[in-house]
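# Residue-level structural notes
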Amino acid sequence: GAGVSQSPSNKVTEKGKDVELRCDPISGHTALYWYRQRLGQGLEFLIYFQGNSAPDKSGLPSDRFSAERTGESVSTLTIQRTQQEDSAVYLCASSLGGSGGAGETQYFGPGTRLLVL
Amino acid sequence: QKEVEQNSGPLSVPEGAIASLNCTYSDRVSQSFFWYRQYSGKSPELIMSIYSNGDKEDGRFTAQLNKASQYVSLLIRDSQPSDSATYLCAVIGSGYSTLTFGKGTMLLVSP
């Protein structure tokens, strides 16, 4: 297919509610990444999937954050009991997954803008 | 801890000039280096990747890598106002698959 897609594009929620963010990677890309970008800040790594496994989830900020990937395709990032500090753009990226060279090049989706009131 | 450092800017250049964006990284065994461009309110888009020492040219863009100095740069020739954006340097260390991003340098090209 085309590029990485994410949904919803925007999400407004109330503090304390749970949210689910979805990412559809580029077809054939085995690696998938989630990042967070607060307003005016750099990209903050959250979690990396290779296939359906997450070898690196070191960036998840708290146990309120979780992610899963199924069918080596779609991934869902879930934030439970949202807080105002969770307001940010959540970006998903995918890559072919090969080690070294072009296989590591990550392509980003348009992001989900989350606002917690 | 792996770190990637960039001057936050803004770097202001006149139209037609060469813009030089710089990045240093802490992980000596880093192997792969990327430059992304991010327009305000948009997601990052890949400009160039570089894996070996020296220069790599693609149109108006040239990436330069010096692993001994742990330094990577991006030159933009004949800068255009449409080049105004934040430029993100990203690095992958040996044995890792995750990118470490710098905070980005904002470039402003004035007509």
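Here's what I pulled together on the structure shown here. (Residues numbered from 1 in each chain as written. Chains lettered and ligands numbered in written order. Predicted model: local features only at pLDDT ≥ 70, side-chain atom pairs only at ≥ 80, totals over all residues. Heavy atoms only, no water.)

### Digging into the overall build of chain A
Per the secondary structure count, chain A includes 0 helices and 11 strands. Relative to its length of 117 residues, chain A is compact, with a C-alpha radius of gyration of 14 Å against a globular reference of 13 Å. Across its three principal axes, chain A shows a C-alpha extent of roughly 40 × 25 × 25 Å. Within the span of chain A, comprising 117 residues, buried residues form 49% of the whole. By sequence separation, contacts in chain A at least 24 residues apart represent 55% of the contacts at least 6 residues apart. Of the roughly 5,400 Å² that chain A leaves accessible, carbon and sulfur atoms contribute 47%. Averaged over its 11 positive side-chain charges, chain A has a centre that lies 5 Å from the centre of its 12 negative ones. (Helix = DSSP H or I, 4+ residues; strand = E, 2+ residues; numbered from the N terminus. Rg over C-alpha atoms; globule rule 2.2 N^0.38 Å. Buried < 20%, exposed > 50% of the residue type's maximum accessible area, 1.4 Å probe, protein only. Contact = heavy atoms within 4.5 Å. Areas by Shrake-Rupley, 256 points an atom, 1.4 Å probe, with all protein chains shown as cover. Lys, Arg positive; Asp, Glu negative; His and termini not counted. Charge placed at Lys NZ, Arg CZ, Asp CG, Glu CD.)

### Brief notes about the overall build of chain B
Check the secondary structure of chain B and you find 0 helices and 11 strands. Beginning at the N terminus, the succession of helices and strands in chain B can be written as β-β-β-β-β-β-β-β-β-β-β. Since a compact globule built from 111 residues should have a radius of gyration of about 13 Å, the 13 Å found for chain B is in line with a globular shape. Considered along the principal axes of its C-alpha atoms, chain B spans approximately 45 × 30 × 20 Å. Taking all 111 residues of chain B together, the buried fraction comes to 47%. A separation of at least 24 residues holds for 54% of the contacts in chain B among residues at least 6 apart in sequence. Of the side chains in chain B, 9 bear a positive and 10 a negative charge, and the two mean positions are spaced by 6 Å.

### Here we look at the pairing of strand S6 (residues 53-56) of chain A
The pairing of strand S5 (residues 43-50) of chain A with S6 of chain A spans 2 bridges and is antiparallel. Across the sheet, the residue bridging to Gln50 of chain A is Ser53 of chain A, located in S6 of chain A. (Pairing = 2+ DSSP bridges.)

### Quick word on the side chain of Gln6 of chain A
Residue and element names in this part refer to chain A. Secondary-structure assignment places Gln6 in strand S1 (residues 5-7). Looking at Gln6, its side chain comes within polar contact range of the main-chain nitrogen of Gly111, at 2.9 Å. In contact with Gln6, other than residues within four places in its own chain, are Arg22, Cys23, Trp34, Tyr90, Leu91, Cys92, Gly109, Pro110, Gly111 and Thr112. (Polar contact = N/O pair within 3.5 Å; in protein donor to acceptor, adjacent residues only side chain to side chain.)

### What to know about the interface of chain B and chain A
Each side of the interface is counted separately: chain B has 18 residues, and chain A has 19 residues. A buried area of about 1,400 Å², summed over both sides, lies between chain B and chain A, and 55% of it is on carbon and sulfur atoms. The tally of links from chain B across to chain A stands at 5 residue pairs in polar contact (both at pLDDT 80 or more). Contributions of two or more residues to the side of chain B that touches chain A are made by strand S4 (30-38) and strand S9 (85-93) of chain B. By residue class, the composition of the side of chain B that touches chain A is 10 nonpolar, 6 polar and 2 charged. (Buried area = accessible area lost by both parts, 1.4 Å probe. Nonpolar A, V, L, I, M, F, W, Y, C, P; charged D, E, K, R; others polar.)

### Some details on unusual backbone geometry
For the peptide bond that leads from Ser7 of chain A to Pro8 of chain A, omega is -10°, which places it in the cis range. Inspection of the secondary structure assignment puts Pro8 of chain A in the loop between S1 and strand S2 (10-13). Residues Gly9 of chain B and Pro10 of chain B are joined by a peptide bond in cis, for which omega reads 10°. For Pro10 of chain B, the position within the fold is in the loop between strand S1 (4-5) and strand S2 (11-14). Phi is positive for Arg81 of chain A, which is not a glycine, with a value near 45°. Mapped onto the elements of the fold, Arg81 of chain A is located in the loop between strand S8 (75-79) and strand S9 (88-95). For Arg81 of chain A, a relative accessible area of 41% puts it in the partly exposed group. Phi is positive for Asp78 of chain B, close to 50°, though the residue is something other than glycine. For Asp78 of chain B, the location among the structural elements is in the loop between strand S8 (71-76) and S9.

### A word on the environment of Thr82 of chain A
Residues and elements named next belong to chain A. Mapped onto the elements of the fold, Thr82 is located in the loop between S8 and S9. Residue classification places Thr82 among the buried positions, given a relative accessible area of 0%. Thr82 sits 67 residues away from Lys15 along the chain, and the two C-alpha atoms are 5.2 Å apart. In terms of polar contacts, Thr82 uses its side chain to reach the backbone carbonyl oxygen of Glu14, at 3.3 Å.

### What about the nonpolar core?
All names here are of chain B. If you look at the biggest cluster of nonpolar residues, it comprises 23 residues, and the most contacted ones within it are Trp35, Val72, Leu74, Ile76 and Tyr87. Elements with a minimum of two residues in this core: strand S3 (19-25), S4, strand S5 (45-50), strand S7 (61-66), S8, S9 and strand S11 (105-110). If near-sequence neighbours (up to four positions away) are discounted, Val72 is found in contact with Leu21, Asn22, Cys23, Phe33, Trp35, Ile50, Gln64, Leu65 and Cys89. (Core = buried A, V, L, I, M, F, W, Y, C linked by side-chain atoms within 4.5 Å.)

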